[in-house]
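Each chain is listed here by its residues.
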Amino acid sequence: MFQKGVVFVEMQNMHLAITSVPVQNWGELYDQDEALKTGTVFKDLDLPFFAAEQVSAEGSSVMESLKSPKEKECSEKMLEIQKISFIMDDLRLYLDTHPDDTDALTMLKDVLKRRKQVMSEFASRFYPLTMDCMAELYERNPSSACYCWQEGAAPWEGVCC
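Overview of the structure. Bear in mind the structure is a predicted one, so any value in this text is a computation, not a measurement.

A word on the overall build of the protein chain. Per the secondary structure count, the protein chain includes six helices and zero strands. When its helices and strands are written in sequence order, the protein chain yields α-α-α-α-α-α. Burial statistics for the protein chain: of 161 residues in total, 26% are counted as buried. A sequence separation of at least 24 residues applies to 52% of the contacts in the protein chain between residues at least 6 apart. About 12200 Å² of surface is accessible on the protein chain, with carbon and sulfur atoms providing 58% of the total.

Of all hydrophobic cores here, the largest spans 25 residues; its most connected members are Ile-81, Ile-87, Leu-91, Val-111, Phe-122, Tyr-127 and Leu-129. Secondary structure elements with two or more residues in this core: α4 (69-97), α5 (102-125) and α6 (131-140). By residue number, the principal contributor to this core is α4, which donates nine residues.

The rules behind the values
Residues numbered from 1 in each chain as written. Predicted model: local features only at pLDDT ≥ 70, side-chain atom pairs only at ≥ 80, totals over all residues. Heavy atoms only, no water. Helix = DSSP H or I, 4+ residues; strand = E, 2+ residues; numbered from the N terminus. Buried < 20%, exposed > 50% of the residue type's maximum accessible area, 1.4 Å probe, protein only. Contact = heavy atoms within 4.5 Å. Areas by Shrake-Rupley, 256 points an atom, 1.4 Å probe, with all protein chains shown as cover. Core = buried A, V, L, I, M, F, W, Y, C linked by side-chain atoms within 4.5 Å.

What follows is the structure in structure tokens.
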């Protein structure tokens, strides 16, 4: 019993691993299409772990051709929201470690404003995606008695309209 206690104390005092993470610098950025595709808005962070083949977009183009004009518009607007939201999240993560970077903060403010605008447009045209969108709908039409969620598919259902 005494031996096990000594081993445990010795292990607590050992450094099993020490990591080193370089500080990220503000650099060249991808546009929102490329950022969503590569998984980062920062070109310097686009360092894949392995080479992967590009997935063919043929299957998705066939499905796209079967959609109505309203469904296509809904999908396009949803994709725009996803791109803007992705950039917003990437900037937020960057600003967590670089809170004094004025370029990043300026860009985040622009992205937040644009995201709010696009989310509002989507809610007006199709259905609300968040409670904030729903609140805006009620502000515009205070007499509305519609809970509104039933007007669209839930995002996790994989459909747009």
